[in-house]
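Per-entry structural report
Listed below, chain by chain, are the residues.
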2 protein chains.
Amino acid sequence: MAQLARPSGSELKLLRALWAAPRLSAREIHDATEARTKWSYSATRTTLDRMEEKGLVKAKAVHGIKTYAAAQSKVAMLALLAQDFARNVLDSDEPLPAAAFAHSKLLDSDEIEELQALLDSLSEEGER
Amino acid sequence: MAQLARPSGSELKLLRALWAAPRLSAREIHDATEARTKWSYSATRTTLDRMEEKGLVKAKAVHGIKTYAAAQSKVAMLALLAQDFARNVLDSDEPLPAAAFAHSKLLDSDEIEELQALLDSLSEEGER
DNA sequence: CTTAACGTGCTACATTTGTAGCATCCTCGC
DNA sequence: GCGAGGATGCTACAAATGTAGCACGTTAAG
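This write-up is about the structure you can find in this document. For clarity, every value in this text was computed on a predicted model and none was experimentally measured.

A word on the interface of chain A and chain B
Contact with chain A, which involves 25 residues of that partner, is made by 25 residues of chain B. Across the chain A to chain B interface the summed buried area is about 2000 Å²; carbon plus sulfur atoms make up 63%. Seen at the junction of chain A and chain B, the total is four salt bridges. The partner of Lys105(B) in a salt bridge is Asp93(A), and the shortest N-O contact between them spans 3.2 Å. Secondary structure elements with two or more residues in the side of chain A that touches chain B: helix 1 (9-20) and helix 4 (74-90) of chain A. Among the elements that make up the side of chain A that touches chain B, the one with the highest residue count is helix 4 of chain A (eight residues). Its residues assigned to classes, the side of chain A that touches chain B comprises 14 nonpolar, four polar and seven charged.

Details of the environment of Ala61(B)
When you line up the elements, Ala61(B) lands in strand 2 (residues 57-62). For Ala61(B), a relative accessible area of 58% corresponds to the exposed category.

Parameters at a glance
- Residues numbered from 1 in each chain as written.
- Chains lettered and ligands numbered in written order.
- Predicted model: local features only at pLDDT ≥ 70, side-chain atom pairs only at ≥ 80, totals over all residues.
- Heavy atoms only, no water.
- Contact = heavy atoms within 4.5 Å.
- Buried area = accessible area lost by both parts, 1.4 Å probe.
- Salt bridge = Lys/Arg side-chain N within 4 Å of Asp/Glu carboxyl O.
- Helix = DSSP H or I, 4+ residues; strand = E, 2+ residues; numbered from the N terminus.
- Nonpolar A, V, L, I, M, F, W, Y, C, P; charged D, E, K, R; others polar.
- Buried < 20%, exposed > 50% of the residue type's maximum accessible area, 1.4 Å probe, protein only.

Below is the structure:
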């Protein structure tokens with residue numbers, strides 16, 4: 001069974017744009033992220049291609065042009081990454097506490113709760 | 001000004017051994033980490049070489065054999081990584097709260113305090 | 001129509017990471 | 001003194017990452 005892929009740092013930058021809108025074209029993603037990435041349009045596109053291969057985004061043609069949507073929700077992906085951080089960096093089996101996410105610009109308090117619930121269930125799974 | 005290097009996932013595994021002892025030979029590091037890494041001795045050594053190049057460890061010959069010590073303390077490195085996580089994943093300028101580290105097997109409560117202080121000072125620096 | 005602008009598919013290429021092997025050389029025990 | 005085992009220095013190589021360009025086809029505007 002194919003593990004869900006983790007985005008690299010660069011890929012994460014593009015994912016952010018897709019969490020803010022349900023579906024975007026490569027051009028739109030590029031325009032939305034160029035300020036932060038400073039990449040050429042080509043670089044953005046190649047990264048999107050790879051994200052598609054890895055299953056991080058799902059592509060679909062709309063009116064003839066290719067559009068992308070995040071394969072995992074923001075909360076689900078953040079849960080994955082938080083779990084990795086806890087495991088690999090902190091060497092902890094427990095999920096990060098909600099407090100860790102409090103200052104994130106990406107999450108409101110509802111989402112933090114959702115994330116917390118997800119993390120708890122992920123760590124229980126691990127026990128089995 | 002050469003930025004302090006961040007360890008990759010593999011490098012982090014070896015660093016852990018060096019945080020538990022002040023100075024170890026390649027062989028000792030390998031023996032201490034083999035269970036987790038499952039690497040060949042060669043793989044361990046190559047990774048150590050690269051860590052030396054990057055300045056993650058400092059090597060010194062003792063009685064003719066090469067020994068390694070972590071260049072940054074455990075707490076300092078964890079502070080770096082926690083800051084990266086907050087910035088890159090959570091998109092937050094605030095440091096992670098102490099609670100985030102509570103379950104880490106790597107830190108006792110004194111070290112968590114120290115880490116917290118470090119994180120705070122790091123984020124202030126960023127403001128300037 | 002013709003062309004400029006843009007989308008798409010490919011290819012490219014340097015670095016970093018993950019992982020390992022070989023050839024020597026030194027040293028300790030016999 | 002000699003040989004086995006370990007230490008060292010190199011080299012290797014595939015995959016992942018970061019970043020970009022080119023050629024070609026389509027389309028909308030003049």
